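Structural features, examined
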Amino acid sequence: QVQLVESGGGLVQAGGSLSLSCAASGSILDIDGMGWYRQAPGKGREYVAHITSVGNTDYPDSMKGRFTVSRDNAQNTVWLRMYSLQPEDTAVYYCYARILPDGGDYKDYWGQGIQVTVSS
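To start, this report covers the structure provided alongside it. (Residues numbered from 1 in each chain as written. Predicted model: local features only at pLDDT ≥ 70, side-chain atom pairs only at ≥ 80, totals over all residues. Heavy atoms only, no water.)

A few points about the packing of aromatic side chains
Taken as a whole and judged by the stated rule, the model has four aromatic pairs. Centre to centre, the rings of Tyr37 and Tyr47 are 5.6 Å apart; their planes meet at 55 degrees, and the pair counts as tilted. Residue Tyr37 is located in strand β4 (residues 28–39), and its partner Tyr47 is located in strand β5 (residues 45–51); the two are separated by ten residues in the primary sequence. On the basis of relative accessibility, which here comes to 26%, the residue Tyr37 falls in the partly exposed class. Counting every residue linked through ring pairs, the aromatic cluster contains Tyr37, Tyr47, Tyr96 and Trp110. In this arrangement the basic side chain of Arg45 is found over the ring face of Tyr94, its NZ or CZ atom lying 4.0 Å from the centre. Positioned above the aromatic ring of Trp110 is the side chain of Arg45, whose terminal nitrogen or guanidinium carbon lies 4.8 Å from the ring centre. (Phe/Tyr/Trp six-rings, centres within 6.5 Å; stacked < 30°, edge-to-face > 60°. Helix = DSSP H or I, 4+ residues; strand = E, 2+ residues; numbered from the N terminus. Buried < 20%, exposed > 50% of the residue type's maximum accessible area, 1.4 Å probe, protein only. Lys NZ or Arg CZ within 6 Å of the ring centre and 35° of its normal.)

Quick word on the nonpolar core
Counting residues in hydrophobic clusters, the biggest one holds 32 residues, and the most contacted among them are Trp36, Leu80, Met82, Tyr93 and Ile99. Here the element with the most residues in this core is strand β9 (residues 91–101); it accounts for five residues. Setting aside residues up to four positions removed in sequence, Leu80 forms contacts with Leu18, Ser19, Leu20, Trp36, Val48, Ala49, Phe67, Thr68, Val69 and Tyr93. (Core = buried A, V, L, I, M, F, W, Y, C linked by side-chain atoms within 4.5 Å. Contact = heavy atoms within 4.5 Å.)

Pasting the structure below:
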């Protein structure tokens, strides 16, 4: 059973930084892309960052310069480092990964979500 588990969320003051991590576990043969989305209260899910298996990254323009995504393939882990956080960054952050499980096909898996709250 493959699962993604996020950690590192919490409360931070405006202007502060926070780092999230997401570890994949289970019978995993390979992980392709990994990344993050977020969902603010009353809004739809918003794309935050993506990183390929060889480390190429992508961000929407609104996230460039403040968010950094990285990964460790040996640990099956992806991180999101967030800087200069503002109250509008308050959301539940979800990690995802395209995983090849033992005995299966590539499939997108999602973490359970982790709350990030930025106070003004």
